[in-house]
Each structure stands twice: as C-alpha cells, then as structure tokens.
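# Descriptive structure summary
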Amino acid sequence: MEEEEEQKRRGVGLVLFPCPLQGHINPMLQLASILHSKGFSIIIVHTRFNSPNSSNYPHFNFIPIPDGISDIQASFSDVLALLSHLNVNCAVPLRDCLVRLLSDHDNSISTSKEKEPISCLISDAIMHFTQGVADGLKLPRLVLRTSSVESFLAFAAFPVLRQKNYLPISDSELETPVTELPPLKVKDLPVIKTHDLKTLYQLVGSMVDQVKASSGLILNTFDHLEQSSLSALTQEFPIPVFTIGPFHKLFPASSSSLLTQDQSCIAWLDTQPPKSVIYVSFGSLASMDEAEFMEMAWGLANSKCPFLWVVRSGLVHDSDRVEPLWPDGFLEMISGKGCIVKWAPQQDVLAHPAVGGFWTHNGWNSTLESICEGVPMLCHPNFGDQMVNARYVSHVWRVGLHLENRLERKEIERNIRRLMVEKEGEDMRERVASLKEKAEASVKKGGSSYESLEELIAQIFSF
Ligand code: UDP
C-alpha cells in the first residue's frame with residue numbers, strides 16, 4: 001500500500017525556492033530531502049548568490065536564476081538591504097523560470113524526472129514576493145518559515161507593538177515586559193539594528209501578509225515544544241499549518257553547508273572527557289566588536305573548561321582576519337584546552353559525547369540542533385528572532401542561561417562554570433534530555449510531526 005502511494009507521488013513535481021542564507025538554505029534542503037524520500041520529484045530554483053552545492057544532491061534538479069546582487073552587495077553585512085533587494089530583483093526571473101517549467105511540464109509525457117507536472121511552489125516566507133508570482137500563474141504556494149513559532153508571532157504583532165509604542169525600541173524601556181507576548185521583554189523583540197525602520201517594517205509586514213495569503217505554512221518545529229504558541233498561531237492564521245520538525249532528525253544539514261566544515265575538531269573532541277567541552281558558535285551572520293571578542297577569549301580561557309570555538313571570517317566587525325586579534329600569549333595558554341576552527345560540522349559536534357554545553361547566538365537551527373542532542377545552552381543572541389528564541393530557552397524551557405549584558409570576561413567565566421560544572425547546569429541537562437526524547441518521538445510513526453507530514457502530503461495532492 002505504502003509503495004503504491006509512493007509510486008503515485010513519483011509523478012508529482014515540487015518547486016522549492018530557498019532564501020540564500022545558511023540558516024534558511026539548510027532547512028529548505030532538508031525539507032526537499034524529506035519530500036523526495038516520500039516520492040516527490042524536486043526542483044530547486046535558487047539565486048546565484050550563495051547557491052547551494054548541487055553535486056551533493058544528484059537526485060534534485062537545480063535551476064539558478066539571476067538575482068541582481070553584485071559582489072559588493074553580497075559582501076555587505078546589511079542583511080535587511082540584501083533581503084529587500086532579493087524580493088525585488090528575483091520577481092521577474094522567478095516568474096520566467098516558472099512559466100518555462102510549467103509549459104515544459106504541460107507539453108510533455110511524464111517520463112523523465114524533469115517533466116513531471118508541477119503541483120506547487122514551496123517558498124521561504126521571507127521571499128514574500130513569491131506569492132504574487134504564484135498567484136499570477138495560478139500555482140498554489142506553500143511557505144516554509146525557518147524559525148520558531150514564537151518569533152513569527154512576535155513579527156506578526158509588529159503593528160500592535162508599534163501602536164502601543166513598544167516599537168521602535170527605546171533604550172529606557174529595554175526591561176519593560178511586553179504584556180501581549182509573555183515572557184518577552186522589549187529588548188527581546190525581533191528587530192534588526194537599522195536606520196531604515198521603514199524597510200524593516202515593510203519586509204516584516206509583507207512576509208506576514210503573504211504567509212496569510214498562502215495555501216499553507218510549514219514549520220521546522222514539533223508540537224510539544226511550542227504548543228501554546230501554535231494554538232495562538234492557528235487562531236491568527238486561518239491557513240493549514242504543518243509542524244513536521246525537527247527536520248534534521250530526518251536529514252542532516254551537512255550537505256547544504258556553504259562553508260567547508262573542519263572535521264579535525266571531531267578527532268580533538270575524541271580526546272576530551274564526557275560532557276566536559278563547551279562548544280561555541282554564533283552561526284553564519286552574527287558578529288561582535290573587537291573588545292567583546294577579547295572578553296570572550298579571556299572568559300573562555302579563564303573558565304578552565306575545554307572549549308571548541310568556531311571563529312568564522314566576519315565574526316568580528318570590519319575584519320575578515322582574526323589572527324592579529326588574539327591577545328599576546330593566548331594561543332599558547334589555551335594549548336590542549338581549546339580547539340579553534342573556522343567552521344565546524346555542528347550537528348556531529350553537538351552529538352559528540354564530549355560536548356556538555358553550547359554557547360550559542362540562538363539561531364533557530366542551532367537552538368533545535370542543541371535541544372535534539374540534549375545539550376544545554378549559554379544564550380547570547382545577536383539580532384532578529386534570536387532574542388525571542390533565547391528568552392524561551394532560558395525562561396520557558398529552562399534549558400539554558402541567558403548572557404544578557406555586554407560580554408565581560410568575569411561574567412562569561414562565571415556562567416560557563418554554572419552551565420558546565422554546577423548543579424544548575426546538571427538540572428538543565430536533565431530537562432533538555434527530556435525535550436530530546438520528545439523530539440525523537442515526534443518524528444516516529446504515530447508522532448505529531450510524522451502525522452503532520454502525512455497531512456502535508458495530502459494537502460499537496462489536493463491542489
Ligand atoms: N553551522 C555549521 N557549522 C558551524 C556553525 C553553524 O554547520 O560552524 C550550521 C548549523 O548546524 C545550522 C546553521 O549552520 O544548521 C546555522 O543556522 P542558525 O539558524 O543556527 O543560525 P544563522 O546562521 O542563520 O544565524
């Protein structure tokens with residue numbers, strides 16, 4: 001029976017369009033792998049900027065489209081400007097590409113994997129222009145939102161937050177609770193530091209409106225983790241919602257990594273005692289100034305805990321070299337105790353028995369990956385949804401400590417020890433182990449994510 005079903009799906013093509021940032025590409029390609037494993041044919045339409053490595057996915061068709069992003073724009077750390085440009089520049093190329101695909105597929109007998117009828121477009125939510133393109137072609141559009149439900153609700157509340165003067169954020173109100181979105185405080189609201197608030201509000205508003213206009217929302221989460229927020233979401237968004245995560249429990253993200261993962265750190269981890277190492281990574285975009293970087297370095301060294309630290313290019317503002325920044329004698333002092341790499345195989349690191357804590361910026365992928373390996377967190381969010389995720393990690397799920405102030409070596413040292421060697425950390429480790437079990441159960445047959453995936457497949461067939 002199942003084989004028969006899969007055979008039927010093999011005649012159906014899906015077009016997926018990711019947002020070209022690491023934290024968005026990973027879940028979109030994982031979703032593609034999940035749907036492919038269920039029998040669908042997959043076409044990935046992607047920008048030339050940050051294009052995924054197609055050779056890791058020989059079973060998908062990759063089609064690049066022009067994105068109008070120059071090398072200079074691509075090297076800017078202005079994510080807001082980049083996303084706004086992509087939403088304008090990609091509209092015509094995506095439409096032309098879909099027109100071609102739809103006519104190819106209409107006029108051919110479905111034999112080859114490229115020529116199957118296309119059932120729908122699955123787009124990243126932030127690429128909001130795709131709803132207009134899909135409507136113009138009468139093609140159903142599903143949306144993938146790659147972050148937490150809580151952060152999406154906070155984005156959806158922007159009009160109310162502005163009306164009630166929580167936004168724009170004023171420095172004197174940072175600690176004020178946002179009574180409409182407990183337990184968030186004003187400083188947790190998912191904003192990006194910008195002088196161009198108008199563009200930020202437009203981007204967020206369009207994303208939310210075009211999710212509402214879509215044929216369904218796919219989320220990389222599981223019901224047990226975000227139950228009450230999910231109830232609020234389904235009330236506010238009258239569209240089908242599919243919670244089918246954590247995606248990486250079904251397909252790992254390593255093959256969609258834009259940077260080369262340095263595997264040597266796994267051999268280093270093999271030499272360390274169980275649960276002794278703190279893994280430190282702030283993802284692909286977060287950055288800090290030189291002074292904070294120095295505090296971080298000394299805080300780690302002074303904690304006396306072994307650490308694995310990802311220092312990627314661009315981590316420190318205005319510098320793509322980190323070597324000159326190391327304080328005198330620092331590298332000698334940490335020899336044997338610390339391992340530094342430019343990019344790590346993060347999921348393997350978190351799954352390694354030597355890792356006992358994760359100092360993270362709380363990007364949603366990192367947060368979920370940590371929960372799924374039962375690793376408690378030290379939270380230091382940088383911008384956007386990370387602040388919301390960090391508040392939930394520390395105050396709702398209570399599986400992490402929140403470094404809320406500007407980084408300072410003594411505070412870092414103290415909190416690393418609280419997480420890694422004190423009873424408090426042990427209690428968090430127990431709580432996160434229980435979430436890990438729930439995550440694993442959700443993707444097994446009969447689990448909430450497993451069932452939701454079946455519903456998503458039925459929805460695709462209904463188009
Ligand atoms: N990642 C990785 N190696 C690293 C750091 C991160 O492979 O050294 C991966 C990580 O596993 C995650 C993604 O990059 O899947 C980062 O996504 P996240 O949402 O956590 O943060 P973002 O980069 O979007 O801020």
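Remember, it's a predicted structure, so these values are computed and weren't measured experimentally.

### Points about the nonpolar core
Grouped together as the largest cluster of nonpolar side chains are 96 residues, with contacts concentrated most on Val45, Leu233 and Leu308. With residues up to four places along the chain from it excluded, the contact list for Leu233 reads Val149, Phe152, Leu153, Leu217, Leu219 and Val241. Residues Trp309, Trp359, Ile412 and Met420 belong to the second largest nonpolar core, which totals 31 residues.

### Describing the sheet that holds strand β6 (residues 217-219)
Read across the sheet, 7 strands follow the order β3-β2-β1-β4-β5-β6-β7 without closing on themselves; strand pairing throughout is parallel. Strands at the two margins of the open sheet, each flanked by one partner only, are β3 (61-65) and β7 (241-243). Taken pair by pair, the neighbouring strands of this sheet meet at an average axis angle of 25 degrees, ignoring direction. For strand β4 (residues 118-124) and strand β5 (residues 141-145), the ladder comprises 4 bridges, and the chain directions are parallel. The residue bridging Asp124 from the neighbouring strand is Leu144, located in β5.

### Digging into the pairing of β4
By the criterion of burial, β4 is predominantly enclosed, with 7 of the 7 residues buried. Two strands pair when backbone bridges link them, and strand β1 (residues 13-17) and β4 are joined in this way by 5 bridges, in the parallel orientation. What sits directly across from Leu16, in β4, is Ile122.

### A word on the sheet that holds strand β13 (residues 400-402)
With respect to topology, 6 strands assemble into an open sheet ordered β10-β9-β8-β11-β12-β13, the strand pairing being parallel. Whereas interior strands pair on both sides, the edge strands pair on one side only; in this sheet they are β10 (338-341) and β13. The sheet shows a mean angle of 15 degrees between the axes of neighbouring strands, direction not considered. Pairing between strand β11 (residues 355-360) and strand β12 (residues 377-379): 3 bridges, direction parallel. Counterpart to Trp359 in the pairing with β12 is Leu378.

### Observations regarding the confidence of the model for the chain
Averaged over every residue, the pLDDT of the chain is 93; the share at 70 or more is 93%. Contacts of residues 108-113 to residues separated by more than four positions or lying in other chains number 9 contacts, the stretch itself having pLDDT below 50.

Calculation notes
All residue numbers refer to position in the chain's written sequence, counted from 1. In keeping with the model being predicted, local features are shown solely for residues with a pLDDT of at least 70 and side-chain atom pairs are shown and tallied solely at 80 or more, while totals for entire chains, interfaces and linings include all residues. Water and hydrogen atoms were dropped before computing side-chain values, which therefore reflect all heavy atoms in the structure. For this analysis, a nonpolar core means a set of buried residues of the types Ala, Val, Leu, Ile, Met, Phe, Trp, Tyr and Cys, connected via side-chain atoms within 4.5 Å. When accessible area is computed with a 1.4 Å probe and restricted to protein chains, residues below 20% of their type maximum are described as buried, those above 50% as exposed, and intermediate ones as partly exposed. Contact criterion: two residues are considered in contact whenever any of their non-hydrogen atoms come within 4.5 Å of each other. Each pair of strands is called paired provided DSSP finds at least two bridges between the two strands. Strands here mean DSSP runs of E at least two residues long; helices mean DSSP runs of H or I at least four residues long; both are numbered from the N terminus. Note on method: axes are straight lines fitted to C-alpha atoms, helices fitted across the in-contact stretch only, with angles between N-to-C directions ranging 0 to 180 degrees. The predictor rates its confidence in each residue with pLDDT, a number between 0 and 100.

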